[in-house]
Amino acid sequence: EVNKALRTIIKDPDFMYILNRIYGKKQAFLITEKLKKVKTVQDFQTDFIVKYAQQIENQTIKKLTFSGIENIDKSKNYLFISNHRDIILDSALLNTILHKNQRPITEIAIGSNLLIFDWIKHIVRLNRSFIVRRDLKGKDMLEGARQLSSYIRDTITNRKTSVWIAQREGRTKDGNDKTQVGLLKMFNYSGKGDFSENFSELNIIPVSISYEYEPCAPAKAYEINIKRKGDTYKKTTEDDLNSMGRGIYDNKGRVHFHFSTSLSGKVKEIGEIQNMNQRFLELSKAIDKKIHEGYKLYENNFIAKDIISEAGQKYSEKYSENQKQAFVKYVNESIANVEGDKKAISDIFYEIFANPVKNKLEV
């Protein structure tokens, strides 16, 4: 199916428009000629996706670092659960790091709301993504969750491939990363044993993602402000497209990934709790704790925390006055064209950067 899908994609005018914009017509033509010869997902990812991710890293990331890679055993398969800040780059950079460190790359969970064009549907599947249906209701939603759960478990335990999924539906908008309990209940649908057995075999590894400059922060602040005013916010297809584009091409400064240790031991302890709902709640807390512990905090985070804190300059030793002035300027310029009360929006903007400090302090 791979070669047929690729030949379909390169006939799509929307795909070719984007390819020409990124690489120029001459280079885009050479790429399409190479794509015609690709026959496996492995080759597509290695020869195109990894190289493209490296190009984005070189152009928009000052420095990509990681820690805890020693916790990833090459011979084992994992369910990587991370905080979710950027639609495309969270999983793309994760797999780039795994690939560079001779670890097998993962399959990726992606929301059906992002499959805006036919070429995107092909690209995400070619990049080992599987679809999380966001358009299901009632009984169909339950059946979809059971199917998704079975697919994830089968991928890890039988097909021996790791999986990446975000800790919640959609990106965290306010920088306050929390795992949805409903997600954990979905994982359990396909288990054949008790709570401990079901989650032990998934081999959960929490992953912390830290961006120096929050992807799409102005749009996130705008959305939060609308909702806090009690108004209805209706996200459009154009919004999703803009978020994907801006997330990829905007400056992200320094970016850090931390791989925690597996939670297999912790789930055995949680499995001793009698109340089932409490088990899921404790597991969500355990994932959050690992993610919050693994944050890499940057000067921007401490500056934002001081600006909105009643305690004043509590973290002033973490940054210089010049860095503070530069960050304030960045915030003001970022929200200049954002509609709404500028004071309210700037406060939200600072919250986005300050919440990781708050969460890391609590653990």
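Residues numbered from 1 in each chain as written. Predicted model: local features only at pLDDT ≥ 70, side-chain atom pairs only at ≥ 80, totals over all residues. Heavy atoms only, no water.

## Here we look at the overall build of the protein chain
As a reminder, the rule being used: Helix and strand labels come from DSSP, where a helix needs a run of H or I of at least four residues and a strand needs a run of E of at least two; each type is numbered from the N terminus. Two things to know: the radius of gyration comes from C-alpha atoms, and the globule rule equals 2.2 Å times the number of residues to the power 0.38. Every residue pair with non-hydrogen atoms within 4.5 Å of one another is taken to be in contact. We get accessible surface area from the Shrake-Rupley algorithm with a probe of 1.4 Å; when it comes to residues, only the shown protein chains can shield them. We count Lys and Arg on the positive side and Asp and Glu on the negative side, and we leave His and both chain ends out. Note on charges: their place is set at NZ of Lys, CZ of Arg, CG of Asp or CD of Glu.
Check the secondary structure of the protein chain and you find 16 helices and 7 strands. Computed over its C-alpha atoms, the radius of gyration of the protein chain comes to 21 Å, within 12% of the 21 Å expected for a compact globule of 363 residues. Over its C-alpha atoms, taken along the principal directions, the protein chain stretches across nearly 60 × 60 × 40 Å. The contacts of the protein chain with a sequence gap of at least 6 include a subset with a gap of at least 24, amounting to 76%. Looking at the protein chain as shown, the accessible area adds up to about 18200 Å², and 49% of this sits on carbon and sulfur atoms. Averaging the locations of the 60 positively and 47 negatively charged side chains of the protein chain gives two centres separated by 4 Å.

## Let's talk about the nonpolar core
Stated formally: Definition of nonpolar core: a set of buried residues of the types Ala, Val, Leu, Ile, Met, Phe, Trp, Tyr and Cys, connected through side-chain atoms within 4.5 Å. Under the scheme applied here, a residue whose accessible area is under 20% of the maximum for its type counts as buried, over 50% as exposed, and between as partly exposed, the area being computed with a 1.4 Å probe on protein chains only.
Formed by 28 residues in total, the largest nonpolar core has its most connected members in Leu 79, Ile 152, Ile 165, Met 186, Phe 187, Phe 199 and Leu 283. Of all elements in the fold, only β2 (79-82), β4 (129-132), α7 (138-157), β5 (163-166), α8 (181-188), α9 (195-200), α12 (264-270) and α13 (276-293) reach the threshold of two or more residues within this core. When residues of this core are assigned to their parent elements, the largest contribution, 5 residues, is made by α13. Beyond its immediate chain neighbours, meaning those up to four positions away, Met 186 contacts Ala 145, Leu 148, Ser 149, Ile 152 and Ile 165. One finds Ile 31, Ile 87, Val 124 and Leu 126 within the second-largest nonpolar core, a separate group that totals 24 residues.

## Topic: the packing of helix α10 (residues 217-228) against helix α16 (residues 342-362)
When two helices pack together, their arrangement is given by the angle between the helix axes and the distance between those axes. Worth spelling out the cut-off: An axis is simply a line fitted to the C-alpha atoms; with a helix, the fit covers only the stretch in contact. Between two such axes, the angle follows the N-to-C directions and lies from 0 to 180 degrees. The cut-offs work like this: below 35 degrees is roughly parallel, past 145 is roughly antiparallel, 65 to 115 is roughly perpendicular, and the gaps in between are oblique. Rotating anticlockwise by less than a right angle from the far helix to the near helix defines a left-handed crossing, while the corresponding clockwise rotation defines a right-handed one. Charged means Asp, Glu, Lys or Arg here, nonpolar means Ala, Val, Leu, Ile, Met, Phe, Trp, Tyr, Cys or Pro, and polar covers whatever is left, Gly included.
The N-to-C vectors of α10 and α16 enclose an angle of 120°; their axes lie 9 Å apart at closest approach. Regarding the angle of α10 to α16, the classification is oblique. The two elements α10 and α16 meet at a crossing, and its hand is right-handed. Where α10 abuts α16, its residues Ala 217, Pro 218, Lys 220, Ala 221, Ile 224, Asn 225 and Arg 228 lie against Ala 344, Ile 345, Ile 348, Phe 349, Glu 351 and Ile 352. When the residues that make up the contact of α10 with α16 are grouped by side-chain class, the tally is 9 nonpolar, 1 polar and 3 charged.

## With respect to the environment of Thr 172
Rules: Two N or O atoms count as a polar contact when they lie within 3.5 Å, although within protein this holds only if one can serve as hydrogen donor and the other as acceptor, and sequence-adjacent residues are included solely when both atoms are side-chain atoms.
Structurally, Thr 172 is set in the loop between β5 and α8. Linking Thr 172 and His 84, residues 88 residues apart in sequence, is a C-alpha distance of 5.9 Å. Within polar-contact distance, the side chain of Thr 172 engages the side chain of Asp 177 at 3.0 Å.

## Examining the pairing of strand β7 (residues 253-259)
Basically, it comes down to this: In this analysis, strands are considered paired if DSSP registers two or more bridges between them.
The element β7 is extensively covered by neighbouring structure, given that 5 of its 7 residues are classed as buried. Here strand β6 (residues 204-211) runs beside β7; their pairing, made up of 5 bridges, is antiparallel. In the strand pairing of β7, Val 207 is matched with Phe 259.

## Points about unusual backbone geometry
A negative phi angle characterises most non-glycine residues, just as the trans form characterises most peptide bonds. Here the phi dihedral of Gln 102 falls at roughly 55°; this positive angle occurs in a residue that is not glycine. With respect to the secondary-structure elements, Gln 102 resides in the loop between α5 (89-100) and β3 (107-111). The phi torsion at Asn 203 lies on the positive side, around 55°, for a residue other than glycine. By the secondary structure assignment, Asn 203 is in the loop between α9 and β6.

## Here we look at the side chain of Thr 179
Here Thr 179 is to be found in the loop between β5 and α8. Given a relative accessible area of 8%, Thr 179 falls into the buried group. Once residues lying within four places of it in the same chain are set aside, the contact partners of Thr 179 are Gln 167, Leu 184, Ser 284, Ile 287 and Asp 288.

## As for the sheet that holds β3
Pairing is mixed across the open sheet formed by 7 strands, whose spatial order is β1-β7-β6-β2-β5-β3-β4. The outermost strands of the open sheet, each flanked by one partner alone, are β1 (61-67) and β4. Direction aside, the axes of adjacent strands within the sheet are offset by 25° on average. Sheet analysis places β2 next to β6, joined by 4 bridges and oriented parallel. Within the sheet, the bridge partner assigned to Leu 79 lies in β6 and is Ile 204. Its contacts with the sheet put α13 on β2 and β6, and the angle it makes with β6 is roughly 40°.

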